[in-house]
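# Descriptive analysis of the structure
Single-letter residue listing:
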Amino acid sequence: MSVPYETAAHEPADSPESPEEHLARLLGRALNSFELPDEAVRLLDCALAQDSSLYSAHHSAGLHRETYRHTWLLADGSALTLWELVHNTSPGGEPQHEVYLDEEELGVATARLPLPPETPDFELPVAVQLSQIPAPLPVYVPDASADHARRLLRRAENTDRPGPRTAALLTTASAHQITQAFGRPSAAGGPGRPGPSFSLYEHAFLLRDGAEISLWEVEHTATPDGRHMCEVYATEDAARDAMERRATQVP
């Protein structure tokens, strides 16, 4: 069955996500995204278009399972599909997200879920878009969040890190969530030395007044001696710009 694509270059003005943004959100919420091969993530980072659909669903006695098919059109004209499994482990519990490259692995993961085998799945056509389904809300951890923010800003080495106003706001943080973002720059290393590594994390904070604020942490080894360095930015765009800049200025 052919999969309809909407190219990033000609997507409508109200399109919610680019292929890269959709990939980042998918991998950021999946508990096992670290198991995906690096080569697959690298290919998906350069995808030209993306389409998502609800593939099947199963609801019984307060338990649920949904399977989503996410397909990307790659630069060479081929397609690559990731399978997302969303389920809860107890009636009314928080949804858990898993992602698989292989449909057989998805089947193994699905079989271990505590759902009655006699209730059949129902399948929906690929025309049902994932964009119609609300994104999962952040799950905040109420654990010394103001102190976490203070320590994060203290270890940041960049001079353009968020200033006193942001620090003052974060003293009222009551909960936080840390999520790894994907889509990393690549840089070649010097003779006999591998290229530097980059990691990007979103630290989302819930303030006492109900407002939300995020800090974006870049961890990298693009330093003269290869040591780890931490930088913190107020926006994702600023953090990614810094990553790209560091990747082109490798000592």
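Look a little higher up for the structure.
Residues numbered from 1 in each chain as written. Predicted model: local features only at pLDDT ≥ 70, side-chain atom pairs only at ≥ 80, totals over all residues. Heavy atoms only, no water.

Let us look at the overall build of the chain. In terms of regular secondary structure, the chain is built from 6 helices and 9 strands. Counting the 251 residues in the chain, one finds 41% classified as buried. When contacts within the chain are restricted to residue pairs at least 6 apart in sequence, those whose partners lie at least 24 apart make up 58%. Split by element, the accessible area of the chain, about 13,700 Å² in all, is 54% carbon and sulfur. (Helix = DSSP H or I, 4+ residues; strand = E, 2+ residues; numbered from the N terminus. Buried < 20%, exposed > 50% of the residue type's maximum accessible area, 1.4 Å probe, protein only. Contact = heavy atoms within 4.5 Å. Areas by Shrake-Rupley, 256 points an atom, 1.4 Å probe, with all protein chains shown as cover.)

Pairing is possible between side chains that carry opposite charge, provided their charged atoms lie close to one another. Enumeration according to the criterion identifies 9 salt bridges in this entry. Here arginine 42 and glutamate 39 are joined by a salt bridge, their closest N and O atoms 2.5 Å apart. A residue pair is termed a helical-turn pair when its members lie 3 or 4 positions apart in one helix, as arginine 42 and glutamate 39 do in helix 2 (residues 38–45) at 3 residues. Judged by its relative accessible area of 45%, arginine 42 is partly exposed. Looking at glutamate 39, the relative accessible area reads 43%, which means it is partly exposed. (Salt bridge = Lys/Arg side-chain N within 4 Å of Asp/Glu carboxyl O.)

Together, Glu20, Glu21, Asp237, Asp241 and Glu244 make up a region of like negative charge exposed at the surface. Sorting the residues of the negative patch by element identifies helix 1 (19–29) and helix 6 (236–248) as the ones contributing at least two each. Relative to the helices and strands, aspartate 241 is located in helix 6. The class for aspartate 241 is partly exposed, based on a relative accessible area of 48%. (Patch = residues over 30% accessible without salt bridge, like charges linked within 9 Å, V, L, I, M, F, W, Y side chains within 5 Å. Lys, Arg positive; Asp, Glu negative; His and termini not counted. Charge placed at Lys NZ, Arg CZ, Asp CG, Glu CD.)

The subject of this paragraph is helix 6. Quick reminder: α-helices carry 3.6 residues per turn. Residues three or four places apart thus point the same way. Compared with the 18 Å implied by 1.5 Å per residue over 13 residues, the 19 Å span of helix 6 between its first and last C-alpha is a close match. Along helix 6, the residues classified as buried are Ala239, Arg240, Ala242, Met243 and Ala247. Taken end-on, helix 6 shows its buried residues confined to a sector of 155°, consistent with a single buried face. Opposite the packed face of helix 6, turned more than 90 degrees from it, sit the exposed residues Asp237 and Thr248. Next to the buried residues of helix 6 lie strand 6 (173–181), strand 7 (198–207), strand 8 (212–220) and strand 9 (229–233). (Expected span 1.5 Å × (residues − 1). Arc of directions from axis to C-beta.)

Tracing the backbone shows leucine 31 in the loop between helix 1 and helix 2. Remark: the alpha-carbon pair of leucine 31 and histidine 97, spanning 66 residues in sequence, is separated by 6.0 Å.

So, about the packing of aromatic side chains. Counted according to the given criterion, the structure contains 1 aromatic pair. Relative to tryptophan 83, the ring of tyrosine 55 lies with its centre 5.1 Å away and its plane at 75°, an arrangement referred to as edge-to-face. Linking tyrosine 55 in strand 1 (residues 49–60) with tryptophan 83 in strand 3 (residues 79–87), this pair joins segments that are 28 residues apart in sequence. (Phe/Tyr/Trp six-rings, centres within 6.5 Å; stacked < 30°, edge-to-face > 60°.)

A few words now on the pairing of strand 7. Across the 10 residues of strand 7, 7 count as buried, placing the element largely inside the fold. As paired strands, strand 7 and strand 8 are joined by 9 bridges and run antiparallel to one another. Bridging from a neighbouring strand, serine 199 pairs with glutamate 219 of strand 8. Between the antiparallel neighbours strand 7 and strand 8 lie 4 residues, among them glycine 210 with a positive phi of about 90°. (Pairing = 2+ DSSP bridges.)

Through backbone hydrogen bonds, the strands of a sheet pair up, either in parallel or in antiparallel fashion. Strand order in the open sheet made by the 4 strands is 6-7-8-9, with antiparallel pairing throughout. Since the sheet does not close on itself, it has two edges, and those belong to strand 6 and strand 9, each with one partner. Averaged over all neighbouring strand pairs, the angle between strand axes comes to 25°, with direction disregarded. Note: strand 6 against strand 7, 8 bridges, orientation antiparallel. Note that in strand 7 the partner of alanine 173 across the bridge is leucine 207. Against the sheet, helix 6 touches strand 6, strand 7, strand 8 and strand 9, its axis set at about 145° to strand 9. (Axes fitted to C-alpha atoms, helices over the stretch in contact; angles between N-to-C directions.)

A separate point is the environment of aspartate 45. Considering the arrangement of structural elements, one finds aspartate 45 in helix 2. With 27 residues separating them along the chain, aspartate 45 and tryptophan 72 place their C-alpha atoms 9.8 Å apart.

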